[in-house]
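# Residue-level structure breakdown
The primary structure of each chain is shown beneath.
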Amino acid sequence: MSTVIENLLLRKQKLVEQLEKAPSVEDRDRIEHQLEQINTALDFLDRPEAKEGR
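The paragraphs below set out a description of the structure included in this document. Predicted, not measured: the structure shown is a model, and the values here were computed from it.

About the criteria used
- Residues numbered from 1 in each chain as written.
- Predicted model: local features only at pLDDT ≥ 70, side-chain atom pairs only at ≥ 80, totals over all residues.
- Heavy atoms only, no water.
- Helix = DSSP H or I, 4+ residues; strand = E, 2+ residues; numbered from the N terminus.
- Buried < 20%, exposed > 50% of the residue type's maximum accessible area, 1.4 Å probe, protein only.
- Contact = heavy atoms within 4.5 Å.
- Areas by Shrake-Rupley, 256 points an atom, 1.4 Å probe, with all protein chains shown as cover.
- Core = buried A, V, L, I, M, F, W, Y, C linked by side-chain atoms within 4.5 Å.

This part covers the overall build of the protein chain. Scanning the protein chain for helices and strands turns up 3 helices and 0 strands. Ordered by position from the N terminus, the helices and strands of the protein chain form the series α-α-α. Burial statistics for the protein chain: of 54 residues in total, 17% are counted as buried. Contacts spanning at least 24 positions in sequence make up 47% of the contacts within the protein chain whose residues lie at least 6 apart. Accessible surface for the protein chain amounts to roughly 4300 Å². Of this, 51% is attributable to carbon and sulfur atoms.

Counting residues in hydrophobic clusters, the biggest one holds 8 residues: Leu8, Leu15, Ala22, Ile31, Leu35, Ile38, Leu42 and Leu45. Among the elements of the structure, helix 1 (2-21) and helix 2 (25-46) are those that each provide at least two residues to this core. Once residues lying within four places of it in the same chain are set aside, the contact partners of Leu42 are Ile5, Leu8, Leu9 and Lys12.

This is the structure we're talking about:
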């Protein structure tokens, strides 16, 4: 499971870097949406229930 979390954190870091350079509102919106999805996944994986169920 730690590999999944590591991959999500790496993707999040890359998206944050892209967000800083995003030229258009549409690009920023797309990146922010992806960041929300990653944060949701990380929150889910960090729940105690998710750890106990495995």
